[in-house]
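# Tertiary structure, described
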Amino acid sequence: MANNIQNFVRSAFYIDSKNEETWQKVFKHEIVDKYNIDKLQVVCMAIAIGYTDNLKLKGTFTNNNGGWLQQVRGGNIDTILRKNTVALIVSIAVKEKGLEILDEDKKIIQNISHEYANGGIKKLLKILNQEDEEKVITTLYSYMKKAAK
């Protein structure tokens, strides 16, 4: 199971190896399981939390070949969730660096979201571990709404 999680994350989104254990705890969390939150949604939540709370954290991101942005270029963007993920990644990069970022290598755009997710994943785990499940869901929804503005 851990290998599948690792392979999924690495095939679409790259994490700092220092945070792999935290990602695995989040992916296996009982609330994630109960509400059928898929791995891509977890990635979006980590990005949104990192971005909203300015938790950008540099790291060493392996296998960086463009991730979700590479899928767009290959024509493999087949779901609304994937389209929304790419929109989140690109919009955060544009908001942070300006429109000229769109002329940069896709790895630069992708790394911005990697750094926000790298900073946001530990807070996501902390949110999931709150006692009140309703508060967890409300908090996560609030972060996603703020990041979408």
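Look above for the structure.
Now for a look at the structure at hand.

The rules behind the values
- Residues numbered from 1 in each chain as written.
- Predicted model: local features only at pLDDT ≥ 70, side-chain atom pairs only at ≥ 80, totals over all residues.
- Heavy atoms only, no water.
- Helix = DSSP H or I, 4+ residues; strand = E, 2+ residues; numbered from the N terminus.
- Buried < 20%, exposed > 50% of the residue type's maximum accessible area, 1.4 Å probe, protein only.
- Expected span 1.5 Å × (residues − 1).
- Arc of directions from axis to C-beta.
- Polar contact = N/O pair within 3.5 Å; in protein donor to acceptor, adjacent residues only side chain to side chain.
- Salt bridge = Lys/Arg side-chain N within 4 Å of Asp/Glu carboxyl O.
- Phe/Tyr/Trp six-rings, centres within 6.5 Å; stacked < 30°, edge-to-face > 60°.
- Lys NZ or Arg CZ within 6 Å of the ring centre and 35° of its normal.
- 1 Å grid on protein atoms, 1.4 Å probe; cavity = no way out; pocket = protein on both sides within 12 Å on 5 of 7 lines; lining within 4 Å.
- Points joined across faces, edges and corners; volume = space filled by probe spheres on them.
- Nonpolar A, V, L, I, M, F, W, Y, C, P; charged D, E, K, R; others polar.

## With respect to the overall build of the protein
- In terms of helices and strands, the protein carries eight helices and zero strands.
- Start at the N end of the protein and walk to the C end: the helices and strands fall as α-α-α-α-α-α-α-α.
- Looking at the protein as a whole, 44% of its 149 residues are labelled buried.

## Observations regarding helix 8 (residues 133–147)
- The terminal C-alpha atoms of helix 8, which comprises 15 residues, lie 21 Å apart, in line with the 21 Å expected from a rise of 1.5 Å per residue.
- Inspection of helix 8 places Val136, Thr139, Leu140, Tyr143 and Ala147 among the buried residues, and these make up the whole buried set. The arc that holds the buried residues of helix 8, viewed along the axis, is 95°, so those residues lie on one side. Turned more than 90 degrees away from the buried face of helix 8, the exposed residues are Glu134 and Tyr141.
- With a side-chain oxygen lying 3.1 Å from the backbone nitrogen of Glu134, the N-terminal cap of helix 8 falls on Asp132.

## Quick notes on the pattern of salt bridges
- Across all of its chains, the model carries six salt bridges by this definition.
- Across the salt bridge formed by Glu96 and Lys56, the nearest N and O atoms sit 2.4 Å from each other. Of the two residues, Glu96 is situated in helix 6 (residues 80–97) and Lys56 in the loop between helix 4 (39–52) and helix 5 (67–73); the sequence distance between them amounts to 40 residues.
- Among the ionic contacts, a cluster of salt bridges with common partners joins Lys56, Lys58, Glu96 and Glu115.

## Looking at the packing of aromatic side chains
- Taken as a whole and judged by the stated rule, the model has two aromatic pairs.
- Ring centres 5.8 Å apart and planes at 40° place the aromatic pair Trp23 and Phe27 in the tilted group. Residue Trp23 and its partner Phe27 are located together in helix 2 (residues 20–27), separated by four residues, close to a single helical turn. In this pair, the class of Trp23 matches that of Phe27, namely buried.
- On the basis of an interplanar angle of 85° and a centroid distance of 5.3 Å, the ring pair of Tyr51 and Tyr116 is categorised as edge-to-face. With Tyr51 in helix 4 and Tyr116 in helix 7 (residues 106–128), the pair connects residues that are 65 residues apart, well separated along the chain.
- On the accessibility criterion, Tyr51 (18% relative accessible area) is buried.
- On the accessibility criterion, Tyr116 (5% relative accessible area) is buried.
- In this arrangement the basic side chain of Lys39 is found over the ring face of Phe27, its NZ or CZ atom lying 5.9 Å from the centre.
- Over the ring of Tyr143 we find Lys146; its NZ or CZ atom is 5.7 Å from the centre of that ring.

## Description of unusual backbone geometry
- Residues other than glycine seldom take positive phi values, yet Asn36 does so here, at roughly 55°.
- Among the structural elements, Asn36 can be located in the loop between helix 3 (30–34) and helix 4.
- One non-glycine residue with positive phi stands out, namely Asn54, at about 50°.
- Within the fold, Asn54 resides in the loop between helix 4 and helix 5.
- On the basis of relative accessible area, Asn54 is assigned to the exposed category, the value being 59%.

## Re the layout of surface pockets
- Within this model, the largest pocket holds a volume of roughly 420 Å³.
- Taken together, 19 residues line the largest pocket, and the ones lying closest to its centre are Cys44, Met45, Ala48, Leu140 and Met144.
- The set of elements that each furnish at least two residues to the lining of the largest pocket consists of helix 4, helix 6 and helix 8.
- Residues belonging to the lining of the largest pocket are distributed by class as follows: 14 nonpolar, three polar and two charged.

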